[in-house]
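Chain residues, written in single-letter form:
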Amino acid sequence: EQKRKPAVRRAGAITVSQIRDLAPFLSISPHRAAGKAVVIHPAESLNAAAANALLNGLEGPPARTVLLLVSHRPALLATVRTRCQLVPVVVDDAAVAHAWLAANAASEDPGMLLALAGGAPLAALEIAQEPACSRPAGVLRAPGPHPSRS
């Protein structure tokens, strides 16, 4: 009788059960859309068992299905990396994004817009064009002590 070590669970790890839960979704063909996509982010959070369970899906995904693994570090298992197409994405410098947004959005605080948009300048521009952003700047500031109670 051989004792097995309990699986080590990392906080925030993508587990094998989560990957297996994708199987029903992957087996259904898209009825109204041209295809379907599964985004695994951050892919470096796949534990070893989950990465191995994902291999079958990577080798032969169903028709019109795309699996996107988003990784900020090259920490994926080699068996997973070799079954993927690498698409490097360059993130612009935050100062460049800030300057571009300041020139293109009517906002007193482009930094706040970029923070709300996760650093994405085009998404920040969309936020700037929302009616709520046309309110006075004080409406969008973080709450502080009320001026009459000071």
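See the structure shown above.
Residues numbered from 1 in each chain as written. Predicted model: local features only at pLDDT ≥ 70, side-chain atom pairs only at ≥ 80, totals over all residues. Heavy atoms only, no water.

Student: Help me understand the overall build of the protein chain in this model?
Tutor: Across its full length, the protein chain holds eight helices and two strands. Along the chain direction, N to C, the helices and strands of the protein chain fall in the order α-α-β-α-β-α-α-α-α-α. For the protein chain, the proportion of its 150 residues judged to be buried stands at 25%. Sequence separation of 24 or more characterises 57% of the internal contacts of the protein chain that already satisfy a separation of 6 or more. About 11400 Å² of surface is accessible on the protein chain, with carbon and sulfur atoms providing 57% of the total. (Helix = DSSP H or I, 4+ residues; strand = E, 2+ residues; numbered from the N terminus. Buried < 20%, exposed > 50% of the residue type's maximum accessible area, 1.4 Å probe, protein only. Contact = heavy atoms within 4.5 Å. Areas by Shrake-Rupley, 256 points an atom, 1.4 Å probe, with all protein chains shown as cover.)

Student: Would you mind going over the nonpolar core with me for this structure?
Tutor: Nonpolar side chains in soluble globular proteins tend to end up buried together. The biggest cluster of nonpolar side chains holds 16 residues, and the ones touching the most others in it are Ile-19, Val-38, Ile-40, Leu-46, Leu-54, Leu-58 and Val-80. Where this core is concerned, the elements lending two or more residues are β1 (36-40) and α3 (48-59). If one sorts the elements of this core by residue count, α3 sits on top with five residues. If near-sequence neighbours (up to four positions away) are discounted, Ile-19 is found in contact with Ile-14, Ile-40, Leu-46, Ala-50, Ala-53 and Leu-54. Within the second largest apolar cluster, 10 residues are counted, among which are Leu-101, Ala-105, Leu-114 and Leu-125. (Core = buried A, V, L, I, M, F, W, Y, C linked by side-chain atoms within 4.5 Å.)

Student: Just checking my understanding: could you explain α3 for this structure?
Tutor: Side chains of residues three or four places apart in an α-helix project in the same direction, reflecting 3.6 residues per turn. When the terminal C-alpha atoms of α3 are compared, their 17 Å separation across 12 residues agrees well with the 16 Å that a helix rising 1.5 Å per residue should span. Of the positions making up α3, those classed as buried are Ala-50, Ala-51, Leu-54, Leu-55, Gly-57 and Leu-58. Along its buried surface, α3 packs onto α1 (16-20), β1, β2 (65-69) and α4 (78-81). (Expected span 1.5 Å × (residues − 1).)

Student: Looking at this model, I keep getting lost on a nonpolar patch on the surface. Mind explaining?
Tutor: Taken together, the side chains of Val-39, Val-66, Leu-68 and Val-70 make up a nonpolar region of the molecular surface, amounting to roughly 300 Å² of accessible area. Within the secondary structure, Leu-68 is located in strand β2. For Leu-68, a relative accessible area of 41% translates into the label partly exposed. (Patch = residues over 30% accessible without salt bridge, like charges linked within 9 Å, V, L, I, M, F, W, Y side chains within 5 Å. Salt bridge = Lys/Arg side-chain N within 4 Å of Asp/Glu carboxyl O.)

Interpretation note: all reported values are geometric properties and have no functional meaning in isolation.
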